[in-house]
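# Structural features, examined
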Amino acid sequence: MKAKGPNKVHIKKGDTVIVMRGKDAPTRDKNGKMIYTKGRVLKVFPKDSRALVEGVNMVKKHSRPTQDNPQGGIIEQEAPIHVSNLMLEDPQSKEPTRIGYKVTEGKGGKQKKVRYAKKSGETLD
């Protein structure tokens, strides 16, 4: 299903994200501490509001023998996950955080819009 309105996502390629929902959702250990599944964003699909995250949402794909892969067989690879199920990792506390935007002065006095972690206030860009 295609997203309506602006195709804006809060994550970018190279970000470290935490999966909040789905089969890789956080669990608790015996002491009650949260165990998060983290991964690096490999590619973002803004029109579908999805992202490809390294080591997350692994699926098995059946491939027939080709010249590149003469054996064929079952290949395990990442599938895109919806961005609403992801949160960025806070650079300081290493926990999930929401994203805010603020305008700062960049080079030559130009204004630049940057992302920041709401939990620690640290800029991400």
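Taking an unreviewed UniProt entry as the reference, the protein is identified by name as Large ribosomal subunit protein uL24 belonging to Kroppenstedtia pulmonis. The Subunit (unreviewed entry) comment attached to the protein in UniProt states, word for word, "Part of the 50S ribosomal subunit." As stated in UniProt under Sequence similarities (unreviewed entry), the record for the protein gives "Belongs to the universal ribosomal protein uL24 family."

## Digging into the side chain of Glu89
Its place among the elements puts Glu89 in strand β9 (residues 86–89). A distance of 2.6 Å separates a polar atom in the side chain of Glu89 from a polar atom in the side chain of Lys38. In contact with Glu89, not counting residues within four places along its chain, are Thr16, Val17, Ile18, Lys38, Lys94, Glu95 and Thr97.

## Considerations on the pairing of strand β1 (residues 16–19)
One ladder, built from 4 bridges, connects β1 with strand β4 (residues 37–45); its direction is antiparallel. Residue pairing for β4: Val17 is matched across the bridge by Gly39. Across 3 bridges, the pairing between β1 and β9 is antiparallel. Along β9, the bridge assignment pairs Ile18 with Met87.

## Details of the pattern of salt bridges
Summed over the entire model, instances satisfying the criterion amount to 4 salt bridges. Here Lys38 and Glu89 are joined by a salt bridge, their closest N and O atoms 2.6 Å apart. Here Glu89 lies in strand β9 and Lys38 lies in strand β4, a separation of 51 residues in the sequence.

## Observations regarding the domain arrangement of the protein
It is common to report an interface's size as the accessible area lost on association of the parts. We note that the domain assignment places domain 1 (1–64 + 73–89) and domain 2 (92–124) within the protein. Relative to domain 2, the C-alpha centre of domain 1 lies at a distance of 22 Å. On the domain 2 side, the residues contacting the 13 residues of domain 1 number 10 residues. Around 920 Å² of area is buried between domain 1 and domain 2 when both sides are counted, 60% of it from carbon and sulfur atoms. Taken together, the links from domain 1 to domain 2 amount to 1 salt bridge. At the junction of domain 1 with domain 2, the criterion picks out 4 residue pairs in polar contact (both at pLDDT 80 or more). When residues in the side of domain 1 that touches domain 2 are grouped by element, the largest group, 3 residues, is from β9. The residue inventory of the side of domain 1 that touches domain 2, partitioned by class, reads 7 nonpolar, 1 polar and 5 charged.

What counts, and at which threshold
- Residues numbered from 1 in each chain as written.
- Predicted model: local features only at pLDDT ≥ 70, side-chain atom pairs only at ≥ 80, totals over all residues.
- Heavy atoms only, no water.
- UniProt positions renumbered as here; feature names shortened; annotations may be inferred.
- Helix = DSSP H or I, 4+ residues; strand = E, 2+ residues; numbered from the N terminus.
- Polar contact = N/O pair within 3.5 Å; in protein donor to acceptor, adjacent residues only side chain to side chain.
- Contact = heavy atoms within 4.5 Å.
- Pairing = 2+ DSSP bridges.
- Salt bridge = Lys/Arg side-chain N within 4 Å of Asp/Glu carboxyl O.
- Domains from an automatic or database assignment.
- Buried area = accessible area lost by both parts, 1.4 Å probe.
- Nonpolar A, V, L, I, M, F, W, Y, C, P; charged D, E, K, R; others polar.

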